[in-house]
Amino acid sequence: MIVYVIGSLRNPHVPEIAALIRSVGRCEAFDDWYAAGRDADDEWQRYEQARGRHYEDALGGWHATHVFAFDVFHLNRATAGVLILPAG
């Protein structure tokens, strides 16, 4: 079973709950997205604003495109999802 752990980059409980899911055994908890860090979305937004790009244009950029593809790939291979609140 592959569990996609969904939550906020600012929620410190994400890796704890993912570890708990993994401890059950025979279960992969996917939380690698959390490695981007709590301010990743804010930094991306500041970077795009500094470039003079509007939100819609920024969403078409390489960073957003790759992050979206990363999430879609892992969501599609997951057999379950767990939403950890509060979420962004």
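Up top is the structure.
Since the structure is predicted, the reported quantities are computational estimates derived from the model, not experimental observations.

Comments concerning the environment of Tyr-4
As for its position among the elements, Tyr-4 is in strand S1 (residues 2-6). Residue classification places Tyr-4 among the buried residues on the basis of a relative accessible area of 5%. Along the backbone, Tyr-4 and Ala-18 are 14 residues apart, and their C-alpha atoms lie at a distance of 8.9 Å. Once residues lying within four places of it in the same chain are set aside, the contact partners of Tyr-4 are Phe-30, Trp-33, Asp-71, His-74, Leu-75, Ala-78, Ala-80, Gly-81 and Val-82. A polar contact of 2.8 Å, which involves the side chain of Tyr-4, links it to the side chain of Asp-71.

Some points on the pattern of salt bridges
A pair can form between side chains of opposite charge whenever their charged atoms are brought close. Within this structure, the stated rule accounts for 7 salt bridges. With its nearest N and O atoms 4.0 Å apart, the salt bridge here joins Arg-38 to Asp-39. Arg-38 gets classed as partly exposed once you look at its relative accessible area, which sits at 48%. Where Glu-43 meets Arg-46, a salt bridge forms, and the shortest distance between an N and an O atom there is 2.7 Å.

Overview of the packing of aromatic side chains
In total, this model carries 4 aromatic pairs according to the counting rule given. Ring centres 5.3 Å apart and planes at 45° place the aromatic pair Tyr-4 and Phe-30 in the tilted group. Here the residue Tyr-4 occupies a position in strand S1, and Phe-30 occupies one in strand S2 (residues 28-30), the gap between them amounting to 26 residues. Considered together, Tyr-4 and Phe-30 belong to a single accessibility category, that of buried residues. For the ring pair Trp-33 and Tyr-34, a centre distance of 5.7 Å and an interplane angle of 80° mean the geometry is edge-to-face. Of the residues examined, Trp-33 reaches a relative accessible area of 12% and is grouped as buried. Members of the aromatic cluster, joined through ring pairs, are Tyr-4, Phe-30 and Phe-70.

As for a nonpolar patch on the surface
Residues Ile-6, Leu-75, Leu-83 and Leu-85 make up a contiguous nonpolar surface patch of about 380 Å² in total accessible area. Along the chain, Ile-6 turns up in strand S1. When its relative accessible area of 35% is taken as the criterion, Ile-6 is described as partly exposed.

Examining helix H1 (residues 14-23)
For the α-helix, the turn length of 3.6 residues means that residues three or four positions removed from each other point alike. Listed in full, the buried residues belonging to H1 are Val-14, Ala-18 and Ile-21. Buried residues in H1, looked at end-on, bunch into an arc of 55°, giving them a common side. Away from its buried face by more than 90 degrees, H1 exposes Leu-20 and Ser-23. Summarising the contacts, the buried residues of H1 are in contact with S1, S2 and strand S3 (80-83). Looking one or two residues past H1, Gly-25 carries a phi angle of roughly 90°, positive in sign.

The rules behind the values
Residues numbered from 1 in each chain as written. Predicted model: local features only at pLDDT ≥ 70, side-chain atom pairs only at ≥ 80, totals over all residues. Heavy atoms only, no water. Helix = DSSP H or I, 4+ residues; strand = E, 2+ residues; numbered from the N terminus. Buried < 20%, exposed > 50% of the residue type's maximum accessible area, 1.4 Å probe, protein only. Contact = heavy atoms within 4.5 Å. Polar contact = N/O pair within 3.5 Å; in protein donor to acceptor, adjacent residues only side chain to side chain. Salt bridge = Lys/Arg side-chain N within 4 Å of Asp/Glu carboxyl O. Phe/Tyr/Trp six-rings, centres within 6.5 Å; stacked < 30°, edge-to-face > 60°. Patch = residues over 30% accessible without salt bridge, like charges linked within 9 Å, V, L, I, M, F, W, Y side chains within 5 Å. Areas by Shrake-Rupley, 256 points an atom, 1.4 Å probe, with all protein chains shown as cover. Arc of directions from axis to C-beta.

Without other data, these values stay purely geometric and don't point to any function.
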